[in-house]
Amino acid sequence: MTNLNTVMKKYGEQVTLFINQRINKSNAPDIIKEACLYSVNAGGKRIRPVLFLMTLDALNAEITEKHIAYASAIEMIHTYSLIHDDLPAMDNDEYRRGQLTSHIKFGEAYAILAGDALLNLAYETMLDYAVNAKDIAAARNIAEAAGYQGMVGGQVLDMKKPDTVNDILAMYSLKTGALIKTSVVSAGIIAGCNKRTLKRLADYAEGIGVAFQLRDDYLDKTDINEKTGKPKDSDRKNEKATYISKRGIAANQNKLQKYTKKALTALQPYGDSYNNLRSLAEFLGDRMK
Ligand code: IPE
Ligand code: IPE
Ligand code: MG
Ligand code: MG
Ligand code: MG
């Protein structure tokens, strides 16, 4: 097993444990608890919390329980975003990670409410641990990225089906890129890194963020072995505007490589402590799920 795999597995497990404990100790109604735990434990890759924690490693910061809490909060927000993304009013998908989507399993009302609960629990969790101005600033960066200036704004653009490839790429950088970017940048903020480094971390994360959605669209089109556990061709069913729908698969792969390269270039001045972030960028570019 490579170092990247070992670290991803370790951080993924720590975050999974933290989120489960946080939900279990809450006094949420049973149905909400059950629905939250169902989606949290359905087999997500934990890419965003892993990015948060690997960025701290790159910056040589010591990882504490507070950091695991923040990483977990980002994953809770991501999980909520997917529960809502699958709803009939949005992508109307019945499977995610090889399992029934939340609204199919629990009904629409409870799926909506489980998403709402996870979103709010994310902020509760960060506030439980925030002790200084950097912690608050990191939480604020995450809140902005999740909201109308970030993921929510991007989902609005997705529903509106942008016409041009530039508008499609701008939509990707919000609906998917924003949460990925904050996973890296908020870690930089919490660690107190300087502006120059923060800018390079942001450039890195912008690159992998758009590349991540280009790969997601590619898998939507090509996942014949159903490795993603999501319905193949959901984007065509919904007549989504994607880079592939405008330019085709080959151009999509080219663009993906360009964004990955951009991400790697941003890290060029830095040493070996950034190697896992580099390897992750490459890994995400040809992931199969
Ligand atoms: C899927 O994200 C949604 C996108 C933003 C493209 P992931 O592929 O990270 O989903 P899980 O959590 O691993 O299932
Ligand atoms: C990203 O887009 C979803 C979110 C920002 C929540 P998709 O709609 O393509 O994601 P999947 O393919 O359903 O995971
Ligand atoms: Mg969608
Ligand atoms: Mg979707
Ligand atoms: Mg998709």
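Residues numbered from 1 in each chain as written. Chains lettered and ligands numbered in written order. Predicted model: local features only at pLDDT ≥ 70, side-chain atom pairs only at ≥ 80, totals over all residues.

The next subject is the site of ligand 1. Residues in contact with ligand 1, as listed here, are Gly44, Lys45, Ile47, Arg97, Thr176, Gln213 and Asp216. Considered class by class, the residues forming the shell around ligand 1 number 1 nonpolar, 3 polar and 3 charged. (Near = placed C-beta within 6 Å. Nonpolar A, V, L, I, M, F, W, Y, C, P; charged D, E, K, R; others polar.)

For ligand 2, the full set of nearby residues is Ser81, Leu82, Asp85, Asp91, Met151, Gln155, Lys175, Thr176, Asp216, Asp220 and Lys230. Those elements that place two or more of their residues in the shell around ligand 2 are helix 4 (65-85), helix 8 (151-160) and helix 11 (195-222). In terms of residues, the shell around ligand 2 owes the most to one element, helix 4, which gives 3 residues. (Helix = DSSP H or I, 4+ residues; strand = E, 2+ residues; numbered from the N terminus.)

This part is about the packing of helix 1 (residues 3-24) against helix 15 (residues 275-285). Contact geometry of helix 1 with helix 15 gives a least axis separation of 10 Å together with a crossing angle of 95 degrees. Comparing their axes, helix 15 and helix 1 come out roughly perpendicular. Judged by residue contacts, Asn3, Leu4 and Val7 of helix 1 engage Asn276, Ser279, Leu280 and Phe283 from helix 15. The residue inventory of the contact of helix 1 with helix 15, partitioned by class, reads 4 nonpolar, 3 polar and no charged. (Axes fitted to C-alpha atoms, helices over the stretch in contact; angles between N-to-C directions. Parallel < 35°, antiparallel > 145°, perpendicular 65-115°, else oblique. Contact = placed C-beta atoms within 7 Å.)

Right, let's talk about helix 8 for a bit. Among the residues of helix 8, Met151, Gly154, Gln155 and Asp158 are the ones counted as buried. End-on view of helix 8: buried residues confined to an arc of 100 degrees, all on one side of the axis. Two residues or fewer after helix 8 comes lysine 161, characterised by a positive phi angle close to 55 degrees. (Buried ≥ 20, exposed ≤ 12 C-beta atoms within 10 Å, placed from the backbone. Arc of directions from axis to C-beta.)

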